[in-house]
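In case you want the letters, here they are:
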Amino acid sequence: MHVHLVNPSDLSFGTAVITPRWLYVLAGATPARWGDPVISDETLERFEPATLHPGDVIGIGIHTANALRGYEIGRLARERGAFVVFGGIHASLYPEEAHQYGRAHSVVKGDGDLVWSTVLADCHAGTPQPLYDGGKIDGGAFVSARWDLLPADRYMWGSVQTVRGCPKHCSFCSVWRTDGQQPRQRGVAEVVREIVELRRLGFRFIALADDNFYPVTLEDLRQAARRRDSGRLDELTATRQQRLELMAALARLPEDLVFFTQITMEAAEDPAFLEAMHRARIRGALVGIESVTSDGLKAVHKTFNAAGDALVDRLQAFRERGIHVLGSFIFGLPTDTPDTFRATAELAQRAGVSFAQFVTLTPFPGTTDFARWEREGSSGEVDGVPLTRYWLVPPARRPKIYAPHPQMSAEEIRQRTQHTWDAFYRLRLIWQRSTCVRSWRGRLAFLLISKLYRQMYANTGIATDSARVARSTRWARWLARPCRRLFMAAPMPHLEVPSPT
Ligand code: SF4
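Computed from a predicted structure; not experimentally measured.

Criteria and thresholds
- Residues numbered from 1 in each chain as written.
- Predicted model: local features only at pLDDT ≥ 70, side-chain atom pairs only at ≥ 80, totals over all residues.
- Heavy atoms only, no water.
- Helix = DSSP H or I, 4+ residues; strand = E, 2+ residues; numbered from the N terminus.
- Rg over C-alpha atoms; globule rule 2.2 N^0.38 Å.
- Buried < 20%, exposed > 50% of the residue type's maximum accessible area, 1.4 Å probe, protein only.
- Contact = heavy atoms within 4.5 Å.
- Areas by Shrake-Rupley, 256 points an atom, 1.4 Å probe, with all protein chains shown as cover.
- Lys, Arg positive; Asp, Glu negative; His and termini not counted.
- Charge placed at Lys NZ, Arg CZ, Asp CG, Glu CD.
- Pairing = 2+ DSSP bridges.
- Right-handed = clockwise from strand over helix to strand, strands pointing away.
- Near = heavy atom within 4 Å.
- Nonpolar A, V, L, I, M, F, W, Y, C, P; charged D, E, K, R; others polar.
- 1 Å grid on protein atoms, 1.4 Å probe; cavity = no way out; pocket = protein on both sides within 12 Å on 5 of 7 lines; lining within 4 Å.
- Points joined across faces, edges and corners; volume = space filled by probe spheres on them.

### Re the overall build of the protein chain
Here's step 1: Helix and strand counts for the protein chain come out as 18 helices and 17 strands.
Here's step 2: On C-alpha atoms alone, the protein chain measures out to a radius of gyration of 22 Å, which is about the 23 Å that the 2.2 N^0.38 rule sets for 501 residues.
Here's step 3: Principal axes of the C-alpha set define a box for the protein chain whose edges measure 60 × 60 × 55 Å.
Here's step 4: Here the protein chain holds 501 residues, and 55% of them are scored as buried.
Here's step 5: Relative to all contacts within the protein chain whose residues are 6 or more apart in sequence, the contacts with residues 24 or more apart total 76%.
Here's step 6: When the accessible area of the protein chain is evaluated, it comes to approximately 21500 Å², of which 54% is carbon and sulfur surface.
Here's step 7: One finds the centroid of the 62 positive side-chain charges in the protein chain at a distance of 5 Å from the centroid of its 54 negative side-chain charges.

Listed below in structure tokens is the structure:
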């Protein structure tokens, strides 16, 4: 019995930016008796079903956007006699769908780290169960990734997870429901060991692939103190302390390492935390800004964010500590008007955001936005598929789904969003923003990465024109190779794990 792990994708770029961590974690969770899993990441190349043999097990991880391609792989695998197992956020939300469309033998809900070995043993015995619940395991039980299985010369950045779960409850996000609101932190030693392993292989840039790198805010601590809730205060203080210890450990790693993470804006009001990030060489952070107005923030239950000039100040606080911000903005909120698009792009430029992504408010399964949209009865169908199951429509015919807007049509929102991407990533503005790095090589890298980012995410994500998508995929393939060389460093095969103090 061989184990295969597949990350489905409709588009393949030959080179990818971030290592898809789940593949290598499940490889780490595969008991040695089954040998090394065969890993296939379709963001690089198409999966080859001929590699499957009767009795093999194939694990397919899906989120909403790649679910349909995942189901196609499941059917192909079943025809070849393999045991088909689905996991990931989408399969956890719709296990029956993976059975119906993906011909699954089994679906794993929740964390796969611990339950995966049971699934494999059951398949081997010929008794796979229709559903396994992996639950939400403690941070100490997270399995480390098998980076020794990475293909050479394909990825630009390594990825390491330090915490799962997020205490917030943004209406457009499913993380707090699927990964829980209780932050589950991994041990510092395990995190450091994985980073050292990646640096040995030549990775200098590491994404800290966390839901929210800043799970305890100063305001959380103040509230617990005001309530005289000493138990809660101790718990929050311990969580924060562990974050600071992790960053102190990162600061002791080789100096050429650079980290990137996802964080809430509140960290900008915590000078000690920003300073620790700076010392740990966390040089970039994706910050969910979402909207530049307070009404927009209210609409997505994100009132802890700042708006207007206060927002500019917060974003500049990151920049002053040498942390480049990738600002994430959402268009199509009920409070947006046609003016919002230009105002957002201008604010992003004024606040010194290094990179930006502009996404449209889309009801994603597992979110409260989706539940409301489905409840309020979004009508319509495409090829017999109701719009509330839009991910089951083939990509070429799949409509772009937006939350209904009181003033603008879906097409107007899409076009204005596309224009905002085009305006923000104009060559002249990218070159202006590239002054945030000093060397010419650094500025060139900044320019290439900006262009690559826009090709990979804007043109392939929101364009409806298939010629534009195909052109962008070709561009991204072409740009990705030189970009990768800019990010990699000479391997350090003898790098030691630093002592814990
Ligand atoms: S958007 Fe970010 S802050 Fe909001 S719930 Fe999701 S992970 Fe947490």
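### Quick word on the pairing of strand β13 (residues 282-290)
Here's step 1: Of all the nine residues making up β13, eight are buried; the element is thus mostly covered by neighbouring parts of the structure.
Here's step 2: In the sheet, strand β12 (residues 258-263) pairs with β13 via five bridges, with the strands oriented parallel. Note on β13: the bridge partner recorded for Q262 is L286.
Here's step 3: The handedness of the β12 to β13 crossover, carried by helix α10 (residues 271-279), is right-handed.
Here's step 4: Inspection of the sheet shows β13 paired to strand β14 (residues 324-331) by six bridges, in the parallel sense. Across the sheet, V287 pairs through a bridge with G327, a residue of β14.

### Concerning the side chain of T261
Here's step 1: Tracing the sequence through the fold places T261 in strand β12.
Here's step 2: Given a relative accessible area of 1%, T261 falls into the buried group.
Here's step 3: Once residues within four sequence positions are removed from consideration, T261 is found in contact with L208, D210, F213, M277, I282, G284, A285 and L286.

### Re the site of the ligand
Here's step 1: Surrounding the ligand, one finds C166, K168, C170, F172, C173, W176, D211, T264 and K302.
Here's step 2: Considered class by class, the residues forming the shell around the ligand number five nonpolar, one polar and three charged.

### What about empty space enclosed by the protein?
Here's step 1: Taken as a whole and assessed by the stated rule, the structure comprises one cavity of 30 Å³ or more.
Here's step 2: The space that makes up the largest cavity amounts to roughly 40 Å³.
Here's step 3: Taken together, the elements giving at least two residues each to the lining of the largest cavity come down to β14 and α13 (338-350).
Here's step 4: Among the elements that make up the lining of the largest cavity, the one with the highest residue count is β14 (three residues).
Here's step 5: Here the residues of the lining of the largest cavity are counted per class, giving five nonpolar, three polar and two charged.

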